[in-house]
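Observations on chain architecture
Residue-level listing of the chains:
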Amino acid sequence: DVRSLAYDGLASFMAVLRDGPSFRERPQVVRLLRSLQDAITQVNQRVPSIWAAFVAQGLAITAQPHHAQYKALNSFVLTRAYFDFDDVPMFFSCFHSGSSAQREDRLWILSLLRQGMRTGVDADLCAGRHVLELILGFHDSHLADPLAKR
């Protein structure tokens, strides 16, 4: 089973992080992956694609302290004991960002949704949080630039 192999790979990677050489971003990488592991409540549980995409992008972002989402991502991970697979990660904080980088925040979360919307589970997560309605309303507003509309 592919999912079982993926969980074994995650456990092996966590062991290497624990016992292997240190690197500057190690605490953030460990915390991100630990939050993922702690959210898993069943053997070989299916992780929603949105969350898998979030973790994948999160790992890439932790290696780039200059990334626009670095601070927000670390804050998101550090303020939760584990990820809530019934929610859409960072959607509201990025989509309704009041920061000076609100355009980049919005584009990043839209990109994450585009990458992560793969199954009915992902659609249900978005429907439960009214994500699609918010995006459609934004699409028709004067705030949406051509890049955001794609």
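This write-up is about the structure you can find in this document. (Residues numbered from 1 in each chain as written. Predicted model: local features only at pLDDT ≥ 70, side-chain atom pairs only at ≥ 80, totals over all residues. Heavy atoms only, no water.)

1. A closer look at the overall build of the protein chain
Along its length, the protein chain carries nine helices and zero strands. For the protein chain, the succession of helices and strands along the chain, N to C, is α-α-α-α-α-α-α-α-α. Taken against the 2.2 N^0.38 rule, which gives 15 Å for 150 residues, the C-alpha radius of gyration of the protein chain at 16 Å falls within 12% of a compact globule. Overall, the C-alpha framework of the protein chain stretches about 50 × 35 × 25 Å when taken along its three principal axes. Put simply, the protein chain has 150 residues, and 37% of those count as buried. Within the protein chain, contacts between residues at least 6 apart in sequence are counted, and of these 63% link residues at least 24 apart. Accessible area for the protein chain stands at about 8700 Å²; split by element, carbon and sulfur atoms hold 57% of it. Across the protein chain, the centroid of the 16 positively charged side chains sits 5 Å from that of the 15 negatively charged ones. (Helix = DSSP H or I, 4+ residues; strand = E, 2+ residues; numbered from the N terminus. Rg over C-alpha atoms; globule rule 2.2 N^0.38 Å. Buried < 20%, exposed > 50% of the residue type's maximum accessible area, 1.4 Å probe, protein only. Contact = heavy atoms within 4.5 Å. Areas by Shrake-Rupley, 256 points an atom, 1.4 Å probe, with all protein chains shown as cover. Lys, Arg positive; Asp, Glu negative; His and termini not counted. Charge placed at Lys NZ, Arg CZ, Asp CG, Glu CD.)

2. Some thoughts on the packing of helix α2 (residues 26-39) against helix α3 (residues 49-62)
Running from N to C, α2 and α3 cross one another at 170°; their axes reach a closest spacing of 9 Å. Our classification of the angle between α2 and α3 gives roughly antiparallel. Contacts between α2 and α3 involve Q28, V29, L32, L33 and L36 on the former and, on the latter, F54, V55, G58, L59 and T62. (Axes fitted to C-alpha atoms, helices over the stretch in contact; angles between N-to-C directions. Parallel < 35°, antiparallel > 145°, perpendicular 65-115°, else oblique.)

3. Digging into unusual backbone geometry
Excluding glycine, most residues fall at negative phi; most peptide bonds, likewise, are trans. If you check the backbone angles, M90 has positive phi at about 60° while not being a glycine. You will see that H130, though not glycine, has its phi angle at about 60°, which is positive. Within the secondary structure layout, H130 lies in the loop between α7 (120-128) and α8 (131-139).

4. Points about the nonpolar core
By size, the foremost hydrophobic cluster in this structure holds 36 residues, and its most contacted members are F54, F83, V88 and W108. No other element matches the six residues that α3 contributes to this core. The residues contacting V88, other than those within four sequence positions of it, are I50, L113, L125, C126, R129 and V131. (Core = buried A, V, L, I, M, F, W, Y, C linked by side-chain atoms within 4.5 Å.)

5. A short note on the pattern of salt bridges
Counted according to the given criterion, the structure contains three salt bridges. We note a salt bridge from E25 to R24, for which the minimum N-O separation is 3.0 Å. On the accessibility criterion, E25 (14% relative accessible area) is buried. (Salt bridge = Lys/Arg side-chain N within 4 Å of Asp/Glu carboxyl O.)

6. Looking at the side chain of S49
Tracing the backbone shows S49 in helix α3. Those residues in contact with S49, other than ones at most four positions away along the chain, are G116, R118, T119 and D122.

7. So, the packing of aromatic side chains
Summed over all chains, the structure comprises eleven aromatic pairs. Look at W51 and F54: their rings are 5.5 Å apart centre to centre, the planes differ by 75°, and that puts the pair in the edge-to-face class. Of this pair, W51 and F54 both sit in helix α3, three residues apart, roughly one helical turn. When its relative accessible area of 1% is taken as the criterion, W51 is described as buried. Taken together through their ring pairs, the aromatic side chains of W51, F54, F76, F83, F85 and W108 make up a single cluster. The positively charged end of R106 is found above the aromatic ring belonging to F95, 5.4 Å away from the centroid. (Phe/Tyr/Trp six-rings, centres within 6.5 Å; stacked < 30°, edge-to-face > 60°. Lys NZ or Arg CZ within 6 Å of the ring centre and 35° of its normal.)

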